[in-house]
Amino acid sequence: MPLYCAFLLALLLLPVGQLASQHHDHPAPEQLGVVTFANSCAAGVQPQFERGVALLHSFAYAAARVAFGQVAAKDPRCAMAHWGIAMTYYHQLWEPPLYASDLALGRQEIERALEMAAGTERERGFIEALALIYRNAEHTPYRDRVVDYRQAMSALAAGNPQDAETQIFYALALLAAAPPEDKTHANQKRAAAILDPLYRRYPLHPGIAHYLIHACDNAEMASRGIAAARAYARIAPSAPHALHMPSHIFTRLGMWEDSVRSNRAAQAAARQQGDIGEALHAMDYLVYAYLQMGRVNQAAQVIRQLDSIPALNAADFKVAYAATAMPVRFALERRRWADAAASTAPKGAPPQVAAIAVWARAVGLARSGRAAEARPEIDRLREIARQLDAAGDQYWASQVEIQAKEAAAWTAAADGSSGEAASLLREAADREDAVEKLPLTPGPIIPAREQLGELLLEKGQPKLALEAFQTALVGAPGRRGSLVGASRAARLAGEPKRAEFFRSELRRLAIERRD
């Protein structure tokens, strides 16, 4: 057997948790996958440059910035080193993709790369494409700039059909430009069509597996992402994000034990490397998985770890979202309305994150029968939605409007207006179903369709409730609340076989049933 194949086989046979443990007990050798990126920089900097690209592909942006900085220091004529540094400020699939505080830093690097006139047409294509993200950013909406970037990368890929890195970065550009409202997943399918054949040729490339997971991070395509999910953590176990990313597919498919293993490894690696944002991101997914399995005590243990993390940067969406969402999930998934009514967000959190706590308070108050107290919180949600819309953030404005409708629905229910409540929740569910979630979240805290099922069940309409729960389970398989609700609704609707099916699903997922 060739050495390369033996190495690949050994990697694939190792359990993810064991491999991660081995890496973190023994810091060397570093494992980031195999990347080959042709460029005209000095021969002596090639290994470090390709290490920087490998780190980029696993979204290890801070480490990649250091790597590219070292390349620039050793080879002052390497324009692509400055392209690499500029890329580390552009977080294509995160929220936000480009912080205002990083804009000047990234622009300075890409302008320097432009001035240096890279040695090949292909390199100039990479640099000129990225410049579109930074150019006139204060006045041109990001959505327009990312479409321009995607088009430039499309032209570059068409001109370099045999170059793997060009194709891979183009696939990433497609994902970055994918409209959340496009439920046909056209960009995701185009990206997957590029990446699938490359995956067979370069099975140890970190970006290919990573971006295949992101392409398949939707209900329609999730099953196509299992192979990449199984492989990615083994390809680049030195990158905490690579240990976490498989859980995006596991979450989509209700594979909770797999998600737990993935995120426990990711959290440990991130904490060891001092990456608080990545640790919190893994913890949020871990809490989500534990709650779906009914492991309340383990979810609580994860949340308590928040107290041991000093000085959270609330301005960082990734940090603020996880820190806010975890306790809100813990309260609402367990129907602890008083706890939900006391929800808070870290001071200085982005408005769309603050809205999660406002929404939780409104729902908790309404479901405790305190409708009058819930109404000011609903008004606050509507104000946040207007603020986000005025800032040009239509996606989050829409999400907060959905939250306002949900909270208004439970307030109407508390006032005895069950018809109005059901109508509002149907509107919220239809709007929520029409857009994709962003990659940084496991999904809505409680899907609107699941909430609709709960309301209909409480109002004595089990057949309609069952329909709502079943629809919710299509989009979010294995969700505990939907399975419990569907089982109860089926039993009350006189459908014992279907009730037993949902109970068996609960048993299969090791979820403690609670009727």
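Just above, that's the structure.
Values in this document were obtained by computation on a predicted structure and should not be read as measured data. (Residues numbered from 1 in each chain as written. Predicted model: local features only at pLDDT ≥ 70, side-chain atom pairs only at ≥ 80, totals over all residues. Heavy atoms only, no water.)

Quick look at helix 20 (residues 351-367) now. The terminal C-alpha atoms of helix 20, which comprises 17 residues, lie 24 Å apart, in line with the 24 Å expected from a rise of 1.5 Å per residue. With 15 of its 17 residues buried, helix 20 lies for the most part within the structure. Of the residues flanking the end of helix 20, it is G369, one or two places downstream, whose phi is positive at about 85°. (Helix = DSSP H or I, 4+ residues; strand = E, 2+ residues; numbered from the N terminus. Expected span 1.5 Å × (residues − 1). Buried < 20%, exposed > 50% of the residue type's maximum accessible area, 1.4 Å probe, protein only.)

In this section: the packing of aromatic side chains. With the rule as written, the count across this model stands at 19 aromatic pairs. Measuring from ring centre to ring centre gives 6.5 Å for F37 and F169, while their planes differ by 75°; the resulting arrangement is edge-to-face. Of the two residues, F37 is situated in the loop between helix 2 (16-25) and helix 3 (46-57) and F169 in helix 9 (residues 164-176); the sequence distance between them amounts to 132 residues. With respect to class, F37 is no different from F169; both count as buried. Considering the side-chain rings of F59 and Y211, the 6.2 Å spacing of their centres and the 35° angle between planes classify their relative orientation as tilted. Here F59 is found in the loop between helix 3 and helix 4 (61-74), whereas its partner Y211 is found in helix 11 (residues 206-215), with 152 residues between them in sequence. Here F59 matches Y211 in class, with each residue buried. Through a chain of ring-to-ring contacts, the aromatic side chains of F37, F49, F68, W83, F126 and F169 assemble into a single cluster. The ring of W94 is capped by K318, whose NZ or CZ atom sits 3.6 Å from the centre of that ring. Sitting over the ring of F330, R334 keeps its end group 4.1 Å from the ring centre. (Phe/Tyr/Trp six-rings, centres within 6.5 Å; stacked < 30°, edge-to-face > 60°. Lys NZ or Arg CZ within 6 Å of the ring centre and 35° of its normal.)

Under the criterion given, the structure shown has 33 salt bridges. Where R367 meets E458, a salt bridge forms, and the shortest distance between an N and an O atom there is 2.5 Å. Of this pair, R367 sits in helix 20 while E458 sits in helix 24 (residues 448-458), placing them 91 residues apart in sequence. A relative accessible area of 17% means that R367 is categorised as buried. Sharing partners across several salt bridges, the network here consists of K183, D217, R252, E436 and K437. (Salt bridge = Lys/Arg side-chain N within 4 Å of Asp/Glu carboxyl O.)

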